[in-house]
Amino acid sequence: MSPSSWPRITDLIVTDGPAEVALLGAPMKERSVTPARYDLAPDLVRQTLRRFSTYDVETGEELTLRIRDHGNVSVEGLTPEQGFEPIRDAARRCTSAHAVTLLVGGHNAITRPAAHGLGVPLDQVGLITLDAHFDLRDTDEGLMNGNPISALLEDGLPGANICQIGLAPFANSPKMHHVAKEAGIGVYTIAEVKSRGIASVLEEALAALDHTAAIMIDFDIDVIDRSQSPGAPGARPGGMPADMFFAAARHLGGQEKLKLVDLTEFDPALDVSDITALTVGRWVCEVLAGFTRRAPFPAREG
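Residues numbered from 1 in each chain as written. Predicted model: local features only at pLDDT ≥ 70, side-chain atom pairs only at ≥ 80, totals over all residues. Heavy atoms only, no water.

Draft legend 1. Focus on helix H7 (residues 198–208). Along H7, the residues classified as buried are Ile198, Val201, Leu202, Ala205 and Leu206. Down the axis of H7, the sector holding all buried residues measures 130°, keeping them to one side. Looking at the buried residues of H7, the elements they touch are strand E7 (125–130), strand E8 (162–167), strand E9 (186–189), helix H6 (190–196), strand E10 (214–220) and helix H8 (242–253). (Buried < 20%, exposed > 50% of the residue type's maximum accessible area, 1.4 Å probe, protein only. Helix = DSSP H or I, 4+ residues; strand = E, 2+ residues; numbered from the N terminus. Arc of directions from axis to C-beta. Contact = heavy atoms within 4.5 Å.)

Draft legend 2. Broad picture of the pairing of E9. Going residue by residue along E9, you find Gly186 and Tyr188 tucked away on one face and Val187 and Thr189 left uncovered on the opposite face. Pairing between E8 and E9: four bridges, direction parallel. Of the residues in E9, the one forming a bridge with Ile165 is Tyr188. Taken together, E8, helix H5 (residues 174–183) and E9 constitute a β-α-β crossover, and its handedness is right-handed. (Pairing = 2+ DSSP bridges. Right-handed = clockwise from strand over helix to strand, strands pointing away.)

Draft legend 3. Structural view of the environment of Leu78. Within the fold, Leu78 resides in the loop between strand E5 (67–72) and helix H2 (80–97). When its relative accessible area of 23% is taken as the criterion, Leu78 is described as partly exposed. Spatially, the C-alpha atom of Leu78 lies 9.1 Å from that of Arg31, the residues being 47 residues apart in sequence. Setting aside chain neighbours within four positions, we find Leu78 in contact with Met28, Glu30 and Gly83.

Draft legend 4. Representation of the packing of H7 against H8. Remark: H7 packs on H8, axes separated minimally by 10 Å, with the N-to-C direction vectors making an angle of 40°. In the crossing of H7 with H8, the sense of the turn from one axis to the other is right-handed. Residue-level contacts link Ile198, Leu202, Glu203 and Leu206 of H7 to Met244, Ala247, Ala248, His251 and Leu252 of H8. Here the contact of H7 with H8 is composed, by residue class, of seven nonpolar, one polar and one charged. (Axes fitted to C-alpha atoms, helices over the stretch in contact; angles between N-to-C directions. Left-handed = near helix turned anticlockwise from the far one by under 90°. Nonpolar A, V, L, I, M, F, W, Y, C, P; charged D, E, K, R; others polar.)

Draft legend 5. Quick peek at empty space enclosed by the protein. For the coordinates displayed, the defined rule picks out one cavity of 30 Å³ or more. Estimated volume of the largest cavity: approximately 50 Å³. Sorting the residues of the lining of the largest cavity by element identifies H2, helix H3 (111–116) and helix H4 (148–155) as the ones contributing at least two each. Grouping the constituent residues of the lining of the largest cavity by class yields eight nonpolar, one polar and one charged. (1 Å grid on protein atoms, 1.4 Å probe; cavity = no way out; pocket = protein on both sides within 12 Å on 5 of 7 lines; lining within 4 Å. Points joined across faces, edges and corners; volume = space filled by probe spheres on them.)

Written out as structure tokens, the structure reads:
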């Protein structure tokens with residue numbers, strides 16, 4: 001079958017010139033609570049996108065935007081402290097040149113520098129996390145993938161600028177929950193999300209962040225049910241169904257204030273039958289589909 005008769009998401013990717021969307025890899029794996037090969041994820045995601053077409057049969061719409069691939073930030077072997085500036089600076093270059101940036105990790109420590117790379121003061125940043133965990137471990141022993149939210153609070157990100165969605169039972173500590181509540185973070189457990197529906201929860205979270213100037217979303221795939229995300233070391237049974245994760249990606253992709261989304265905690269070495277890789281590939285498509293629903297926008301030089 002010729003490429004023209006089955007257009008792929010990879011056909012939208014360019015390596016230079018103007019583009020509405022930026023793709024950036026951040027293959028960080030050092031200082032992980034659970035050692036894993038998170039560094040393999042960005043390149044595998046790129047390869048997996050060849051398996052997705054540009055056409056959505058449910059809406060009858062086809063993706064026609066351009067995606068500028070900025071490659072990977074050179075953070076192999078670096079700690080989160082050492083990788084902070086390279087990721088922050090690369091994110092800033094992308095967010096200044098493109099309407100939205102897809103930052104593919106790597107583990108969750110990339111979320112902190114990404115928040116600093118949005119081009120607005122930190123106290124004007126809004127952050128939504130889809131995550132089974134608070135990521136509020138103490139920072140006194142250094143940065144890791146288990147404490148990016150703690151680090152951001154210490155950096156000056158107000159708790160009122162953070163909403164955390166999909167928190168799992170028996171996967172967090174009472175101290176973390178107390179810190180979140182005391183900081184004014186919006187907390188939504190996975191049971192509440194399933195009961196109310198993802199759209200209702202997202203609308204409430206977005207309303208709570210209406211005072212912010214720019215928004216980023218941390219999509220930690222361990223929020224997804226373990227059976228549908230075997231390549232996520234922190235995923236648990238009873239997590240978010242994959243179709244709800246996709247609905248969230250499309251809904252959030254269409255938000256005018258959205259500047260960056262990250263995808264974290266995917267370890268290809270643990271994946272089974274490409275389930276997680278295909279889930280992440282579909283996530284890219286859903287973010288793009290949501291983004292195309294925005295008002296017309298110019299493609300900027302990047």
